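Each chain, letter by letter, is given below.
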Amino acid sequence: MSPSSAPALPSRRRFLSRLALGASAATVASMLPRPLGAFGGLHGGRKLGVALVGLGSYSTGQLGPALRETMHCGLAAVVTGSPEKGRQWTKDYGLREGAVYGYDDMHRLADDPEVDIVYVVTPPGLHAEHTIRAAKAGKHVICEKPMANTAAECDAMIAACREAGVKLSIGYRLHFHPTHRELMRLSRERDFGRLTKLEGGFGFRTGNRGWRLNKALGGGGPLMDVGIYVIQAACMAAGTEPVALTARELPKTRPELFSEVEETIEFDLEFPDGVRCSGRTSYNENYNRFRAESQGGGWIEIEPAYSYRGVRGRTHLGPLPASDVNQQALQMDAFARNILDGTESIVPGEMGQRDMRIIDTIYESARRGGVRLEVPA
Ligand code: NAD
């Protein structure tokens, strides 16, 4: 379509009024906690109990504190390999006696009526094992991103949860952020015309030698850890998943650190109807952004795009309202609501599996020198 035949872009005033009245504002409002009484005493009016598995930096810095703000769920237990951490969490969160489990003990969660949801926050190489154990204990599961090391592992996790009759959700917190919801709304409602040219990057320079550089535990390098956010944003902007892609790994500048995983990788995703996304992720370069341009010359840009706080969006019509919601609290409350209401998660295991199919294909394309590959359905 030529620029002259492209749909007319809305005026700033018309766009802002849609933004205020439209899906994003309404949906975020609907995600905000309702008082427990609104459930008519379901679950005896108590909050659903969450057991955090793995008390590393994300549990300690984000999830534990967020569980103090949630209205529909609260911390009920922890699973850790460290009795000392267990004692500290018991003190900090006032946990009951017997609420500290070891990894080998996870089957005992089946007998703990205070735990409804198990939240897996261990390295990706352990997600499948811990999710399947939680499902076998009859608990609903939230699993952190990336869902597992491979799409095949994701299939096994989804099957185990289905067999146990429990729900499975992925820790995709940005689906609960108003700016990213606005990106999805623009994709769906096409205020700016179709979003066609997408570009994003997430990277930072690290010297840390932990599990993130270990192939068995991390599944890969920055693509698994942070590049996945660019894939997520691209699927949000395209409103669907890519059908094909090419990828290229860049030469390592610090090969002594990156002996098992990539240091920097770039990829080009092809969505149906010619929508393209060029993405880049690195453990050696600093960026945190996403941009979508429309056929008609409109655009939305988010930078920083993937942070816990301070996500900022703007469009060709001006800045989007800044909104520093607690993404983790909204995400966990939404899942508790799914359980209480019998509804489906907006970030289900199938979405985690989709992203792993894309990531598996990116690695395969890079390994084969950048050959174009279809993403398996
Ligand atoms: P971390 O290294 O700080 O914590 C990992 C925890 O797993 C530790 O408590 C560690 O003791 C435990 N663990 C159990 N078995 C282990 C083993 N064999 N080797 C290593 N650790 C083991 O990592 P983190 O930053 O808390 O990340 C944990 C998960 O959370 C990862 O999947 C990561 O991608 C995800 N994460 C998500 C976000 C987000 O914004 N959604 C942010 C950070 C991390």
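Residues numbered from 1 in each chain as written. Predicted model: local features only at pLDDT ≥ 70, side-chain atom pairs only at ≥ 80, totals over all residues. Heavy atoms only, no water.

Visitor: Which residues make up the pairing of strand β4 (residues 117-120), and what are the values?
Guide: Burial of β4 is two-sided: the residues Ile 117 and Tyr 119 facing one way and the residues Val 118 and Val 120 facing the other way are all buried. Where strand β1 (residues 48-53) lies against β4, four bridges are found, and the strand directions are parallel. From the neighbouring strand, Ala 51 faces β4, where its bridge partner is Val 118. In this structure, β4 lies alongside strand β5 (residues 140-143), joined through four bridges in parallel fashion. Paired with Ile 117 across the bridge in β5 is His 140. For the segment spanning β4, helix α5 (residues 127-136) and β5, crossover handedness is right-handed. (Buried < 20%, exposed > 50% of the residue type's maximum accessible area, 1.4 Å probe, protein only. Helix = DSSP H or I, 4+ residues; strand = E, 2+ residues; numbered from the N terminus. Pairing = 2+ DSSP bridges. Right-handed = clockwise from strand over helix to strand, strands pointing away.)

Visitor: Could you give me a rundown of the layout of surface pockets, with the residues and numbers involved?
Guide: The space that makes up the largest pocket amounts to roughly 630 Å³. Lining the largest pocket are 27 residues, with Ser 57, Tyr 58, Arg 212, Asp 225 and Tyr 308 sitting closest to its centre. Contributing elements (two or more residues each) for the lining of the largest pocket: α3 (57-66) and α9 (222-238). Classifying every residue of the lining of the largest pocket by side-chain character gives 13 nonpolar, eight polar and six charged. (1 Å grid on protein atoms, 1.4 Å probe; cavity = no way out; pocket = protein on both sides within 12 Å on 5 of 7 lines; lining within 4 Å. Points joined across faces, edges and corners; volume = space filled by probe spheres on them. Nonpolar A, V, L, I, M, F, W, Y, C, P; charged D, E, K, R; others polar.)

Visitor: Mind laying out the site of the ligand, listing which residues take part and the relevant values?
Guide: Surrounding the ligand, one finds 24 residues, the nearest of these being Ser 57, Tyr 58, Lys 145, Arg 173 and Trp 211. Thr 122 is positioned with one of its backbone polar atoms (N or O) 3.3 Å from an oxygen atom of the ligand. Take Trp 211: an N or O atom from its side chain is 2.8 Å from an oxygen atom of the ligand. Protein chains bury 78% of the 830 Å² of accessible surface belonging to the ligand in isolation. (Near = heavy atom within 4 Å. Polar contact = N/O pair within 3.5 Å; in protein donor to acceptor, adjacent residues only side chain to side chain. Areas by Shrake-Rupley, 256 points an atom, 1.4 Å probe, with all protein chains shown as cover.)

Visitor: So what about the environment of Leu 174? Which residues, and what values?
Guide: The topology assignment puts Leu 174 in the loop between β6 (168-170) and α7 (178-189). Leu 174 sits in the buried class, given a relative accessible area of 4%. Beyond its immediate chain neighbours, meaning those up to four positions away, Leu 174 contacts His 180, Tyr 229, Met 236, Ala 305, Tyr 306, Ser 307 and Gln 327. (Contact = heavy atoms within 4.5 Å.)

Visitor: Tell me what's going on with empty space enclosed by the protein, and back it up with residues and numbers.
Guide: In this approach, a probe sized like a water molecule rolls over the atoms, and the result shows the empty space that is left. Counted by the stated rule, this structure contains one cavity of 30 Å³ or more. Every residue lining the largest cavity is listed: Tyr 172, Arg 173, Leu 174, His 180, Tyr 229, Gln 232, Ala 233 and Met 236. No other element matches the four residues that α9 contributes to the lining of the largest cavity. For the lining of the largest cavity, the per-class residue count stands at five nonpolar, two polar and one charged.

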